[in-house]
Amino acid sequence: MKQNNVTWKLEDGVLTVAVEGGLCSFLSQEDKARVRKIVISEGCTRIGRQVFMGCSELTEVSLPRSLRILA
């Protein structure tokens, strides 16, 4: 799916996110409850704290080297 500057796919509990610039919360609470792993692509420079809020099953996060700010 695509929303603003974010393209994402949630499949088998793995959320793959491609973004240029900043990333803030974009998933529904229902989708967040299904996420076990998050993979964020290169190009993402900042992530809002609320991105991970509600991801009760989350056990693994892959962050890009381009990340500079967690706000």
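Everything quoted here is computed from the prediction, not taken from an experiment. (Residues numbered from 1 in each chain as written. Predicted model: local features only at pLDDT ≥ 70, side-chain atom pairs only at ≥ 80, totals over all residues. Heavy atoms only, no water.)

1. A short note on the pattern of salt bridges
Right, so step 1: Within the structure shown, the criterion is met by three salt bridges.
Right, so step 2: E11 serves as the salt-bridge partner of K9, at 4.0 Å between the closest nitrogen and oxygen.
Right, so step 3: Residue classification places K9 among the partly exposed residues on the basis of a relative accessible area of 47%.
Right, so step 4: Between D31 and R34 there is a salt bridge, with its nearest N and O atoms 3.6 Å apart.
Right, so step 5: Overall, D31 belongs to the buried group, its relative accessible area being 17%.
Right, so step 6: Relative accessible area serves as the criterion here: at 45%, R34 is assigned to the partly exposed category. (Salt bridge = Lys/Arg side-chain N within 4 Å of Asp/Glu carboxyl O. Buried < 20%, exposed > 50% of the residue type's maximum accessible area, 1.4 Å probe, protein only.)

2. Structural notes on the pairing of strand β2 (residues 6-11)
Right, so step 1: Side chains V6, W8 and L10 project from β2 onto a buried face, and the interleaved T7, K9 and E11 project onto a face without burial.
Right, so step 2: Judged from the six bridges that link them, β2 and strand β3 (residues 14-19) form a sheet pairing that is antiparallel. Each bridged residue has a counterpart across the sheet, and for T7 the counterpart in β3 is A18.
Right, so step 3: In this structure, the hairpin formed by β2 and β3 is closed by a connection of two residues, where D12 is found at a positive phi of approximately 55°. (Helix = DSSP H or I, 4+ residues; strand = E, 2+ residues; numbered from the N terminus. Pairing = 2+ DSSP bridges.)

3. Observations regarding the confidence of the model for the protein chain
Right, so step 1: Chain-level pLDDT for the protein chain is 86 on average; 94% of the residues reach the 70-or-more range.
Right, so step 2: Per-element averaging of pLDDT across the protein chain places strand β1 (residues 2-3) at the bottom with 59 and strand β7 (residues 60-62) at the top with 94. (pLDDT = per-residue confidence, 0-100.)

4. A look at the nonpolar core
Right, so step 1: Counting residues in each nonpolar core, the largest one holds 16 residues, and the members touching the most others are W8, L15, V17, L23, F26 and I40.
Right, so step 2: Counting residues per element, the ones that place at least two in this core are β2, β3, β5 (37-40) and β6 (44-47). (Core = buried A, V, L, I, M, F, W, Y, C linked by side-chain atoms within 4.5 Å.)

5. Here we look at the sheet that holds β6
In any sheet, the strands associate via hydrogen bonds between backbone groups, in a parallel or an antiparallel arrangement.
Right, so step 1: Spatial strand order, β4-β6-β8: three strands in an open sheet with parallel pairing. Either end of the sheet is taken by a strand with one partner, and the two such strands are β4 (21-23) and β8 (69-70).
Right, so step 2: The pairing of β6 with β8 spans two bridges and is parallel. Across the sheet, R46 pairs through a bridge with I69, a residue of β8.

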